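# Inside the fold
Residue-level listing of the chains:
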Amino acid sequence: MFRTHLCGKISEKNLDTEVTLSGWVHRRRDHGGLTFVDLRDREGIIQIVFNPQLSESVHQQAHALRSEYVIQVTGKVARRPKETENLNIPTGKVEVLAEALTILNRAKTPPFLIEDEEDISDALRLQYRYLDLRRPAVQQIFIRRHKLSQAIRQFLNDHQFLELETPSLTKSTPEGARDFLVPSRLNPGNFYALPQSPQLFKQILMVSGFDRYYQIVRCFRDEDLRADRQPEFTQIDLEMSFIEMDDILSLMEEMILRVFSEVCDRKLPSPFPRMTYAEAVSRFGTDKPDTRFGLELVDLSELASRCDFKVFRSIVSKGGVVNGLNAKNLARLSRKEIENLTNEAIQRGAKGLAWMKVTEDGLEAPITKFFSAAQLNEIKTTLEGEPGDLLLFVADKTQVVHDVLGTLRLSLAKKLNLIDEKVFNPLWVTDFPLFEYDAAAKRYTAIHHPFTSPMDEDLPFLKSEPLKVRAKAYDLVVNGVELGGGSIRIHQEEIQSQVFSLLGIAKEEAAEKFGFLLEALQYGAPPHGGMAFGFDRMVALLSGVESIREVIPFPKTQKGICLMTSAPSDVDARQLKELHIKKERIL
RNA sequence: GGGGUCGUAGUUCAGUUGGUUAGAACGCCGGCCUGUCACGCCGGAGGUCGCGAGUUCGACUCUCGUCGGCCCCGCCA
């Protein structure tokens, strides 16, 4: 038997009992006469004392111990002498007096210390991920990840959802992200695709009558990586029949409330506020607003159209907009610092950044001369300017203005320390447009996906003004992070055909690409809808880390490489031959 | 595909205007030490300055290229 207890679980309850522990040597403090070893396992750390008075030979053995050796120790649990208690660790009131020691395995000196605070480069951590994962703080993240998935499963099980599996080797579809392809040996020249999500399958499961489905499932997208994007990631995927939007929003809200409270003891405001897409974009410049702070965008187009500042006036007359943002207390910024803000704006696509400082005497800036006293006062009032504030303005096409000020808003909030890291601000964003217009391709594209149902009252606009049609789609945004999204699906073939034709997908093409779904919808599809959450993002949010790499056991670098295994790699010529694949360098 | 940033001992980092022997801390190795817990003290080893080319009498330092990590744009529910 390797052990009777876990290191971190030893307490005063075990006093005077003999225990056997197995674990890693966290640290050794060799005093010559007396040697202390901190023994670590998943549950924590316990101090082992090697005393020559207890056993000369075991004390001698302990001299050979080194960091990360795997050992087994047997001894009595004893209360520590009063003045030597260590209240920094949970087991700090007791220690184990070693009577026997077995070195189960030696260890090379690790490339970095197995310590929570160690500041190690990402590259090294990922190369030696197994050592990185040994760090207690890192393990906590994965324990939390486990608890979260269990809590979600339990909630969904309690609500009559069935966990059903969908294929990982499936069919490539044209919409959305780039597919990862898998060559088929049995079908020369043909490829499977790894699923971007189980979207089509879960709808078909509804047609089959399973009523409620869920899966915590791996998804794949072959796009460039970001801090919050990995080529393979995990979704909480679910779908329900005979429900409307409000049914699903309230159930999902209940789920989030419950699991956040169970896993991290976090209480969220309830009910979650709701905001339309239009409102989110006009107030925050984005469809995933961080509502933990103000700095909202204010539309000044009307005022701009009647001022003497040519830049503003001409942009408005050409159909653009002018928005302002009050950067509280930033009038102290130097010209250089304002220039930095301007550069940030320009990087985001603005032509420039106009500004005014609010002083006791009113607004001050080179451009104030283009405005009447009344107009200046109006600007100040509208933006709620108080002395010491800096007012920023961007004039451009609507999307550019929103994009620039939305980004600036976030970076200013960081700069001004306006974000309370302890707060979770959930928000439902609803009433998304169904389509957007792709000017380059001269066609409409689906904002969510092509199976999203239009709102009933907007159906008349499908033919006349497609951009006016709103979707039965919804996103859950927390602190500016899009945690999940979903929609009520189209279950009627006629509407689906109309949408396809607007998307420029010909009947034959639609039939070829996802004919199986279209056909299924004709055999009595129930009204249905669903949602998918980014599970990695959820764990990251609950763990307070920026990158989802931190919450994925074996993540890939920005170039899509696994530094531990060196995947992807070259393969044997024979393997390629079997797959009917020939490599050719395309220059 | 593009922009930014970083790369020096096992690790984290410093390194002056381009100057001769590249430093610190931690870690590692050896010794001493019976109440430490980031133990302490003494001593020691450890470097292709990411790689390649160029400029120069001389390059860690300047230039160009290249490789890799990270952040972002494009791309992406």
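None of these values were measured; they are calculated from a predicted model.

Each value, and the rule that gives it
Residues numbered from 1 in each chain as written. Chains lettered and ligands numbered in written order. Predicted model: local features only at pLDDT ≥ 70, side-chain atom pairs only at ≥ 80, totals over all residues. Heavy atoms only, no water. Helix = DSSP H or I, 4+ residues; strand = E, 2+ residues; numbered from the N terminus. Buried < 20%, exposed > 50% of the residue type's maximum accessible area, 1.4 Å probe, protein only. Contact = heavy atoms within 4.5 Å. Areas by Shrake-Rupley, 256 points an atom, 1.4 Å probe, with all protein chains shown as cover. Near = heavy atom within 4 Å. Polar contact = N/O pair within 3.5 Å; in protein donor to acceptor, adjacent residues only side chain to side chain. Phe/Tyr/Trp six-rings, centres within 6.5 Å; stacked < 30°, edge-to-face > 60°. Lys NZ or Arg CZ within 6 Å of the ring centre and 35° of its normal. Domains from an automatic or database assignment. Pairing = 2+ DSSP bridges. Axes fitted to C-alpha atoms, helices over the stretch in contact; angles between N-to-C directions. Salt bridge = Lys/Arg side-chain N within 4 Å of Asp/Glu carboxyl O.

### Topic: the overall build of chain A
Summing up its helical and strand segments, chain A has 17 helices and 22 strands in all. Counting only C-alpha atoms and orienting by the principal axes, one finds that chain A spans roughly 95 × 75 × 55 Å. Taking all 587 residues of chain A together, the buried fraction comes to 48%. If you take every contact in chain A between residues at least 6 apart in sequence, the share linking residues at least 24 apart comes to 67%. Carbon and sulfur atoms make up 50% of the accessible area of chain A, which amounts to about 30400 Å² in all.

### Concerning the protein's contact with RNA strand B
Around RNA strand B, a shell composed of 47 residues is seen, among which Arg 27, Thr 84, Glu 95, Gly 176 and Arg 221 lie nearest. Taking all atoms of RNA strand B within 4 Å of the protein, the share assigned to sugar and phosphate is 51%. With respect to RNA strand B, the backbone of Gly 33 contributes an N or O atom lying 2.8 Å from a phosphate oxygen. Contacts to RNA strand B include Gln 558, whose backbone N or O atom sits 2.8 Å from a phosphate oxygen.

### What about the packing of aromatic side chains?
One pass over the structure, following the stated rule, counts 15 aromatic pairs. Pairing Phe 435 with Tyr 444 gives two aromatic rings, centres 5.9 Å apart and planes at 55°, and the pair type is tilted. Taking relative accessible area as the criterion, Phe 435 reaches 2% and is therefore assigned buried. An angle of 70° between the planes, with centres 5.1 Å apart, marks the rings of Tyr 437 and Tyr 444 as edge-to-face. The class for Tyr 437 is partly exposed, based on a relative accessible area of 44%. Grouped by ring-pair contacts, the aromatic residues Phe 309, Phe 312, Phe 370, Phe 371 and Phe 393 constitute a single cluster. Just above the ring of Phe 424 sits the side chain of Arg 266; from NZ or CZ to the centre is 3.9 Å.

### Topic: the domain arrangement of chain A
For chain A, the domain assignment lists domain 1 (7-105), domain 2 (140-275 + 427-551) and domain 3 (293-419). Between the C-alpha centres of domain 1 and domain 2 the distance comes to 51 Å.

### Brief notes about the sheet that holds strand β12 (residues 297-299)
Across the sheet, which stays open at both edges, the five strands sit in the order β12-β13-β16-β14-β15 with antiparallel pairing between neighbours. In the strand order of this sheet, the two ends are held by β12 and β15 (362-364), each with one partner. Going from strand to strand, the sheet's axes swing by 30° on average, the running direction of each strand aside.

### Describing unusual backbone geometry
The amide bond that connects Ser 270 to the next residue, Pro 271, takes the cis arrangement and shows omega of 0°. Positive phi, close to 75°, is recorded for Glu 68, a residue that is not glycine. Tracing the chain through its elements places Glu 68 in the loop between α1 (56-62) and β4 (70-79). Judged by relative accessible area, which is 4%, Glu 68 ranks as buried. In the Ramachandran plot, Leu 295 falls in the positive-phi region, its phi being about 55° despite a non-glycine side chain. One can find Leu 295 in the loop between α7 (277-284) and β12. On the basis of relative accessibility, which here comes to 9%, the residue Leu 295 falls in the buried class.

### Overview of the sheet that holds strand β1 (residues 18-30)
Here five strands make up a closed barrel; going around it, the order is β1-β2-β3-β5-β4 and the pairing mixed. The sheet shows a mean angle of 55° between the axes of neighbouring strands, taken without regard to direction. Note that β1 and β4 share seven bridges and pair antiparallel. Pairing of Val 19 across the sheet is with Gly 75, part of β4.

### Here's the deal with the pattern of salt bridges
Tallying each qualifying case throughout the model produces 47 salt bridges. As a salt-bridge pair, Arg 135 and Asp 132 come within 2.6 Å of each other at their nearest N and O atoms. With a relative accessible area of 5%, Arg 135 lands in the buried category. We classify Asp 132 as buried; its relative accessible area is 0%. The residue Arg 292 makes a salt bridge to Asp 290 at a minimum N-O spacing of 2.6 Å.

### Here's the deal with the side chain of Asp 132
By the element assignment, Asp 132 lies in helix α3 (residues 129-132). Apart from the residues within four sequence positions on either side, Asp 132 is in contact with Phe 112, Arg 125 and Val 138.

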